[in-house]
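Here is what each chain is made of, one letter per residue.
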Amino acid sequence: MRLIAENLGGERGGEAVFSGLNFALGKGQALIVTGPNGAGKSTLLRVVAGLLPVAAGRLLIEGGAEDFPSIASACHYLGHQNAMKTALSVAENLRFWRDFSGADFLSAEEALAMVGLDGIGHLPFGYLSTGQRRRAAIAKLLVSRRPLWLLDEPTAGLDKASEERFGELMREHCSEGGIIIAATHLPLGIEGATELRMGEVD
Ligand SMILES: Nc1ncnc2c1ncn2[C@@H]1O[C@H](COP(=O)(O)OP(=O)(O)OP(=O)(O)O)[C@@H](O)[C@H]1O
């Protein structure tokens with residue numbers, strides 16, 4: 001599977017935020033999107049996820065159409081918000097996302113263990129600390145198999161150990177043929193990733 005952007009443009013509120021972006025990502029490749037606040041990193045991720053329309057150019061996936069007829073069906077989108085219900089337990093939230101996303105992978109309990117949150121699945125999500133909430137949201141990536149991970153500031157609020165653990169999960173995803181696009185202000189520890197700098201004047 002390859003994800004290709006050709007002359008891609010995105011806009012917010014009718015105003016162009018970026019234009020003329022080109023990239024092609026094959027199995028196992030990662031793209032790190034950097035740039036100052038307001039450069040359009042989140043907008044790009046939302047366009048790729050299908051949450052905002054493509055304003056110019058095109059985005060396509062090649063290969064894997066039988067399993068993933070659209071980019072949206074191939075991706076996990078981890079935005080700034082964790083997208084978890086505070087009144088439901090952590091495990092209930094993960095089971096919801098597992099059912100919603102399909103292609104079961106790890107159980108809620110197994111996924112929580114992978115982010116170092118074993119034994120807290122029964123707690124309401126709202127009881128968790130900021131970093132624990134982010135880790136539980138990261139566990140969503142592991143309850144169903146989707147090849148394309150779109151990550152917006154994924155390590156914001158994580159302690160050092162959790163940051164390193166997540167680095168390992170991302171490297172594992174790539175080594176299994178997954179693709180990652182991550183917007184970040186912090187190093188993520190993915191070797192060999194390509195960097196896309198947004199908001200810079202040539
Ligand atoms: N809903 C909206 N309506 C209009 N403009 C918006 C909307 N959301 C974002 N913008 C504008 O789009 C531009 C790009 O925002 P975006 O969130 O993509 O930047 P970013 O690079 O992710 O920034 P940060 O590093 O602060 O997260 C900004 O100028 C922002 O003000």
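Being a predicted model, the structure only gives us computed values, none of them experimental.

Undergrad: I'd like a rundown of unusual backbone geometry, residues and numbers included.
TA: Phi is positive for Ala 83, close to 55°, though the residue is something other than glycine. Along the chain, Ala 83 falls in the loop between strand 5 (75-78) and helix 3 (90-101). Of note, the phi angle at Glu 153 is positive, near 45°, even though the residue is not glycine. With respect to the helices, strands and loops of the structure, Glu 153 is situated in the loop between strand 6 (148-152) and helix 6 (160-175). Note on Glu 153: 18 C-beta atoms within 10 Å, which makes it partly exposed.

Undergrad: Just give me the short version of the nonpolar core, but keep the residues and values in it.
TA: Soluble globular proteins: nonpolar side chains tend toward being buried together. Judged by nonpolar contacts, the single largest core of 49 residues is most densely connected at Ala 111, Ala 136, Ala 139, Leu 150, Ile 180 and Ile 181. The contact partners of Leu 150, leaving out residues within four places of it in the chain, are Leu 45, Val 48, Ala 49, Cys 75, His 76, Tyr 77, Leu 78 and Ile 181.

Undergrad: An account of the pairing of strand 3 (residues 30-34) is requested, with residue identities and associated values reported.
TA: In the sheet, strand 3 pairs with strand 7 (residues 179-183) via 4 bridges, with the strands oriented parallel. Bridged to Ile 32 within strand 7 is Ala 182. Two strands pair when backbone bridges link them, and strand 3 and strand 8 (residues 194-197) are joined in this way by 4 bridges, in the parallel orientation. Bridge assignment links Leu 31 to a residue of strand 8, and that residue is Thr 194.

Undergrad: Quick one: what's the story with the packing of helix 3 against helix 5 (residues 130-143), residue by residue and with numbers?
TA: Viewed as axis vectors pointing N to C, helix 3 and helix 5 meet at an angle of 35°, and their least axial separation amounts to 9 Å. Relative to helix 5, the crossing made by helix 3 is right-handed. The segment helix 3 lies against helix 5, with Val 90, Leu 94, Trp 97 and Arg 98 engaging Ala 136, Ala 139, Lys 140 and Val 143.

Rules of the game
- Residues numbered from 1 in each chain as written.
- Predicted model: local features only at pLDDT ≥ 70, side-chain atom pairs only at ≥ 80, totals over all residues.
- Helix = DSSP H or I, 4+ residues; strand = E, 2+ residues; numbered from the N terminus.
- Buried ≥ 20, exposed ≤ 12 C-beta atoms within 10 Å, placed from the backbone.
- Core = buried A, V, L, I, M, F, W, Y, C linked by C-beta atoms within 7 Å.
- Contact = placed C-beta atoms within 7 Å.
- Pairing = 2+ DSSP bridges.
- Axes fitted to C-alpha atoms, helices over the stretch in contact; angles between N-to-C directions.
- Left-handed = near helix turned anticlockwise from the far one by under 90°.

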